Amino acid sequence: MTNSSTLVGTDRPRLSWRYSSTNPQWRQQRRELQLTRANGAVETHAAADAEQVLVEWPFEPLSSRERATVRVRGGDSDEWTPWSEPATIEAGLLSPTDWSASWVTPTDVVGVDDPAPVLGTDFVVGPGIVAARLYVSALGIMVTRINGVPVSEDHFAPGWTSYDHRIRYQSYDVTVLVSEGNNSFHTLLGNGWYRGRIASFALHRGHPYGDRLALLAQLELRYADGRVELVATDGSWRSGASGVLLNDFYDGQITDLRVDGYAALDRGVTVVPAPTASLATPESPPVRAVETMTAVSVNTTLDGRHIVDFGQNLVGWVRLRSRGRRGSEVVVRHAEVLEEGELSLRPLRSARATDRYLLAGTGVELLEPQLVFHGFRYAEVTGVAELSITDIQAVVLGSQLDRTGWFSSSDAALNQLHENIVWGMRGNFLDLPTDCPQRDERLGWTGDIQVFAPAASTLFNVAGFLSSWLSDLAADQLPDGTVPAVIPRVFRDVKAFAGWGDAAVIVPWVLYERFGDAGILRRQYRSMCRWVDRVAELAGPTRLWSTGEQLGDWLDPLAPPDDPARAQADPAVVATAYFARSAQLLARAPAVVGEPADARHYGILAEQVRDAFCAEYVSSSGLIRSDCQTVYALALHWRLVPDGPTRTRTGSRLAELVQQQRYTVATGFLGTAVILDALCASGHRDAAYRMLLTHEFPSWLHAVDLGATTIWERWDSMLPDGSVNEGEMTSFNHYAFGAVADWMHREIAGLQPTAPGYRELRLAPTVGGGLTAGSARHLSPYGEIAIEWHLAGSGFSLTARIPVGVTATVVLPDGSEIPDVSHGEHRFELERFVTDAAIDGDRTDVSAASEAMRSR
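Residues numbered from 1 in each chain as written. Predicted model: local features only at pLDDT ≥ 70, side-chain atom pairs only at ≥ 80, totals over all residues. Heavy atoms only, no water.

**Structural notes on the overall build of the chain**
Within the chain, the secondary structure is distributed over 15 helices and 44 strands. Here the C-alpha radius of gyration of the chain, 28 Å, is about what a compact globule of 856 residues would show, namely 29 Å. If you line up the chain on its principal axes, its C-alpha atoms span 80 × 75 × 60 Å. Here the chain, with 856 residues, has 58% of them falling under the buried criterion. The contacts of the chain with a sequence gap of at least 6 include a subset with a gap of at least 24, amounting to 73%. Total accessible area computed for the chain in this model is approximately 31900 Å², and 48% of it derives from carbon and sulfur atoms. (Helix = DSSP H or I, 4+ residues; strand = E, 2+ residues; numbered from the N terminus. Rg over C-alpha atoms; globule rule 2.2 N^0.38 Å. Buried < 20%, exposed > 50% of the residue type's maximum accessible area, 1.4 Å probe, protein only. Contact = heavy atoms within 4.5 Å. Areas by Shrake-Rupley, 256 points an atom, 1.4 Å probe, with all protein chains shown as cover.)

What follows is the structure, encoded as structure tokens:
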């Protein structure tokens, strides 16, 4: 445990800890947890086990607002470790009765196109103040200041949830912001997701979530004598108009810097009924500015426009220092790519992505928005006579996720691909997993995150982030079990789509596997069952899901540009394969969640679907209906075709198709996520390497060669001549095809989890493709795991670092296995071995020989 303070929304938080180092023989066989409450009472709990990740709360429950510290020590059979540093836990407002504040909205109706309102009040703080805690939420998004100082670095709080069911509230320790005497409280409210445009083709069920913005705020002042005073939203608060004249996530922000929106609260507020949705503490980390980037170039056109290149496709906004006369206008437009030196705006569709500023004329002014974000690499600035690189920056925004996965290899293009995947994820994991961050969409498509969840869980700690999103998935799931294609739900018409609705099963399972979180399975279990039961109903007694509209293998590169769902793969084959996969996983869940009676039911269902799949779609010669890469990849990777001659022929046919396609990609969203695993599972690792490392179109590295810095929506989003694909859907920041990052970590570097939470590992790098080195690091729930391998001449070396609580099986390229490798640093060597030395698949025989192992 670390010395930190954590706000929790439960009275029984789970506890995890890591060990920095112990001697190689040490194993946790017992543990002791100690809780110290605010009144000084100490509780101790001991247990004789090795658990150290997400351990259930062993003490009496916390009460609302309670602060306590917890520390831990572990022991083997002989000795205890020292006590950890204490970690501070604070419970939020756990009951609706803890709220005294009322929801308030400006009395004068403020429309979506009116200036953003400010709500606030003045309050007096008496002598002896010792603590101040703010609980605050909004219908819309909010920027809150006390005495003119922001209460946090959060952006777009309280975020986008299924507002009909749950609304987050934030909690901030604002003790340092209040002072004895007169104080002020102001909150700027923006449209955000609650009232802004959502999707160009259909607003949320035909209308926004609500037509009026509102604020809920409760400031609790604690004094040395035990008194508590409340400053809470009620009918006495005031409102006023800010200088933000217009704000919309798609269109941008217009700001009049001549208006001080925090000075004139000259209008009233109206108390409005509380939403029926419950108030919830955030599971997901807040959206923050995670990085600031300087421009790499500024080019000025003949007509005075400045084209700025930040060198990286990113998500955030432009920060600009400018000087001008009072009332003059500065305009900043955004785009991901240039065409013939100008911003390419067509891919934005109806999104204007433009910020405008009316200057106050007070000298050098700082221009940046507060209530919008953009996806861009390039910006066009007008209204400024001169602009230098030092005048402008890009502020990178995203949910403040902790990085957990790093990868490197001897191939520079492959390393750039991995970096592109990281940037694509960073930009699209902004409060929820969106498909793209720039055009008039930015939605939580379930199919995209379903295929990308393993890669996401490798690269960043997304446990809380995706847990929060799954809460909305369960809330928005229809009574019949249908899962909307977008979460939070946006479209009025909801249909069951294979590969999209399956996120209800696959994403919780990934979180369980990668973070050891059985609790997420328990919480989502009924949602998982409802989806599989719904598909069983749609498939009927044949167990073949062959009816209804499907999105299929979306964006197959061989599909017509104007019809991305018309893939090579038969939609019924894809749908039935996904039915089998979700049933397989659901059959394994009851053993984890404590529902043993369900295991047999869903196990039988999984077998029935698999058998029906093989009987209907797989021939004795191993051919699968529609005979394309995706159907073979799904069937092989999910073991829908049993071991034996048919499976062997199926694997051979996949390899043939890949070879016929010259090792370029011929799969869409669903097939691309599993194609390399399927090749490996069928004994064609050399083909997997060739597919990954080809530079021909379409391929992962083709985009790298064209200068991509994120993952594209289409393999040909940009054409070789520098022009943009003419299709309506052309995003340059879509993470779905970046699912390959997980394969890179598991196969190239060889870091493979084999038990939930990385408690057990298989360290087995696949040497091939002409690579001479590979490495990965992963910050697991138990600590950092690292693996690095090198080829030197005919020799091979591998080093590994394993944290306490984890054991590994090391598999060297000659096939030799070293089991039960425990924590510490280890080195393994082969003097001579057989390797796929070149990308063309030729095998070089240097005769397998000795293996030496040293641990230190």
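**Let's talk about the side chain of S717**
Within the secondary structure, S717 sits in the loop between α14 (700–705) and α15 (740–749). Of the polar contacts made by the side chain of S717, one reaches the backbone oxygen of S731; its length is 3.2 Å. Leaving out residues up to four positions away in the same chain, S717 has contacts with W712, S723, V724, N725, T730, S731 and F732. (Polar contact = N/O pair within 3.5 Å; in protein donor to acceptor, adjacent residues only side chain to side chain.)

**A look at the nonpolar core**
For soluble globular proteins, nonpolar side chains are generally found buried alongside one another. L417, F429, V462, L692 and W700 are the most contacted members of the largest nonpolar core, which totals 225 residues. The element contributing the most residues to this core is helix α7 (residues 571–593), with 14 residues. If we skip the residues at most four places from it in the chain, L417 touches L692, W700, L701, V704, I711, V740 and M744. Residues V298, L320, Y357 and V384 belong to the second largest nonpolar core, which totals 22 residues. (Core = buried A, V, L, I, M, F, W, Y, C linked by side-chain atoms within 4.5 Å.)

**Points about the state of the cysteines**
What the rule picks out here adds up to zero disulfides. Of all cysteine sulfurs in the structure, the one in C628 sits closest to C680, which takes part in no disulfide; the separation is 19 Å. On the basis of relative accessible area, C680 is assigned to the buried category, the value being 7%. (Disulfide = S-S within 2.5 Å.)

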